[in-house]
Amino acid sequence: MQTGEPIEGLRIGTRASALALAQAHEARARLMAAHGLPEAAFPVVPITTTGDRIQDRPLAEAGGKGLFTKELEDALLDGRIDIAVHSSKDMPTSLPDGLEIAAFLEREDVRDVFIGRAAARLEDLPQGALVGSSSLRRQALVRRLRPDLRVGIFRGNVQTRLRKLGEGLADGTLLALAGLKRLGMTGAATQILPLDLFPPAPGQGAICIESRVRDGRVRAMLAPLMHAPTGHALGCERAFLAALDGSCRMPIAGHAWVEGDRLRFSGMILSPDGTAVHEIAAEGRPADAVGIGGRAGAEIRAKAGTAFFDGWA
């Protein structure tokens, strides 16, 4: 864009939690740097979503991932905001007509952390200890590693979960390391969990920006923010999810990353009790990221068989 040319800014929609606002502010800072515009050109518009309001039951019972995006997408479609900043792992694989993911920011650390009250490490918790988590993936992985532990529902934002832990409502909980980093709260973690034992959710650690499909001005402004390796990785992971009809009802892990000219992918599906596990690995050219993820999803679905899904879906 030419120097001196007046440039209209963007209204940034986001959930209202502290972490969501931190992610929106990160996106705003990158837009400011890319276009030499002041903070005032990118007002942040907090919007409370259905997922934020539901605190008394698992999201799977209330409708799944779209609960964290619907109100933001409505605001995009009716023009109240120009872009929506999301945690990629909250995004359904199918978007409303007229909307697209226009950019992925460079990914943060994908690992989970354990935050222990009764012990610093998950493996050191006493038998029968209670671990709180709202994620079916994390619940299933805990049960896989420590079938002697109890697992309970822990809803709420990062601060709420840490408060509940401090009040003694559980002996430990699990959070994404990326979120703690963005909040400046990494000191809360008592253990960083290894990827081979505790693989992440598809999309974990990545911020994505959603916009209207036909808005060329917005797409041009977002173009400098797109981190290509993250885009390829998330294209693969989202295709894996789509092939499995992934939702909050399924314990699914998936992680893709780019090494040089190769994209590598590791995926896992589990039964909710953690006793049945199927894993898959794949690799190929980053340009074929969506194909790699889709084929891996189809292959692991066939490997698991219909009985695996029929038993708990």
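Located above this text is the structure these notes cover.
Residue numbers restart at each chain and count upward from 1, following the sequence in its written direction. Residue-level local features of this predicted model are given only where pLDDT is at least 70; pairs of side-chain atoms are given and counted only at 80 or more, and the full residue set underlies all totals for whole chains, interfaces and linings. Calculated side-chain values reflect all of the structure's heavy atoms, with hydrogen atoms and water omitted.

Draft legend 1. Local environment of the overall build of the protein chain. Helix and strand assignments follow DSSP, with helices taken as H or I runs no shorter than four residues and strands as E runs no shorter than two, numbered in order from the N terminus. The helix and strand inventory of the protein chain stands at eleven helices and 13 strands. Radius of gyration (C-alpha) of the protein chain: 20 Å, near the 20 Å computed for a compact globule of 313 residues. Structurally, the protein chain occupies a C-alpha span of about 65 × 45 × 35 Å along its principal axes. The classification of residues rests on relative accessible area computed with a 1.4 Å probe and restricted to protein chains. Under 20% of the type maximum is buried, over 50% is exposed, and intermediate values are partly exposed. For the protein chain, buried positions account for 50% of its 313 residues. Exposure was quantified through the Shrake-Rupley algorithm and a 1.4 Å probe, taking into account, for residues, occlusion by the shown protein chains and nothing else. For the protein chain, the exposed area adds up to about 13,300 Å²; of that, 51% sits on carbon and sulfur atoms. The atom set for the radius of gyration is the C-alpha atoms, and the globule formula is 2.2 Å times the number of residues raised to the power 0.38.

Draft legend 2. Inspection of the pattern of salt bridges at higher detail. Just to be clear on terms, a salt bridge is a Lys or Arg side-chain nitrogen sitting within 4 Å of an Asp or Glu carboxyl oxygen. Evaluation of the coordinates by the stated rule reveals 27 salt bridges. For Lys70, the salt bridge identified is with Asp74, shortest N-O distance 2.9 Å. A residue pair is termed a helical-turn pair when its members lie 3 or 4 positions apart in one helix, as Lys70 and Asp74 do in helix 4 (residues 70-77) at four residues. Using a relative accessible area of 47% as the deciding quantity, one classes Lys70 as partly exposed. Classification of Asp74 by relative accessible area gives partly exposed; the value is 30%. In this structure, the salt-bridge partner of Arg264 is Glu259, at a minimum N-O distance of 2.7 Å. A relative accessible area of 40% places Glu259 in the partly exposed class.

Draft legend 3. Just the nonpolar core, in detail. Among the nonpolar cores identified, the biggest contains 24 residues, and Cys236, Phe240, Leu244, Ile252, Phe265, Ile269 and Phe309 are the most heavily contacted of them. For this core, the secondary structure elements donating two or more residues are helix 9 (228-243), strand 11 (252-259), strand 12 (262-270), helix 10 (289-304) and helix 11 (306-310). Here, two residues are considered to be in contact whenever any of their heavy atoms come within 4.5 Å of each other. Aside from chain neighbours lying at most four places away, what touches Ile269 is Leu244, Pro251, Ile252, Ala276, Val277, His278, Ile300, Ala304, Phe308 and Phe309. Side-chain atoms within 4.5 Å are what join buried Ala, Val, Leu, Ile, Met, Phe, Trp, Tyr and Cys residues into a set we call a nonpolar core. With 19 residues, the next largest nonpolar core counts Leu37, Ala102, Leu222 and Leu225 among its residues.

Draft legend 4. The pairing of strand 3 (residues 83-87), seen in detail. Buried residues dominate strand 3, accounting for five of its five residues. Burial along strand 3 is two-sided: Ile83, Val85 and Ser87 facing one way and Ala84 and His86 facing the other are all buried. In the sheet, strand 3 pairs with strand 10 (residues 207-212) via five bridges, with the strands oriented antiparallel. Counterpart to Ala84 in the pairing with strand 10 is Glu210. Any two strands between which DSSP finds at least two bridges are classified as paired.

Draft legend 5. Broad picture of the environment of Arg219. By the element assignment, Arg219 lies in helix 8 (residues 216-222). Apart from residues no more than four positions distant in its own chain, Arg219 is found in contact with Glu100, Val213 and Arg214. Reaching out from Arg219, the side chain makes a polar contact with the backbone oxygen of Val213 at a distance of 2.2 Å. Pairs of N or O atoms within 3.5 Å make up the polar contacts considered here, provided that, within protein, one atom can donate a hydrogen while the other can accept it, and that residues adjacent in sequence are counted only when both atoms are side-chain atoms.

Draft legend 6. Representation of the sheet that holds strand 11. The strand order across the open sheet formed by three strands is 11-12-13, and the pairing between neighbours is antiparallel. If you trace the sheet from one side to the other, it starts and ends with strand 11 and strand 13 (277-284), each paired once. For this sheet, the mean angle separating the axes of adjacent strands, direction not counted, is 10°. Of the pairings in the sheet, the one linking strand 11 to strand 12 comprises eight bridges and is antiparallel in character. Across the sheet, Gly254 pairs through a bridge with Gly267, a residue of strand 12. Fitted lines through C-alpha atoms serve as axes, helices being fitted only where they are in contact, and the angles separating the N-to-C directions of these axes extend from 0 to 180 degrees. Along the sheet, helix 9 makes contact with strand 11, strand 12 and strand 13, crossing strand 11 at roughly 150°. Contacting strand 12 and strand 13, helix 10 runs over the sheet at an angle of about 155° to strand 13.

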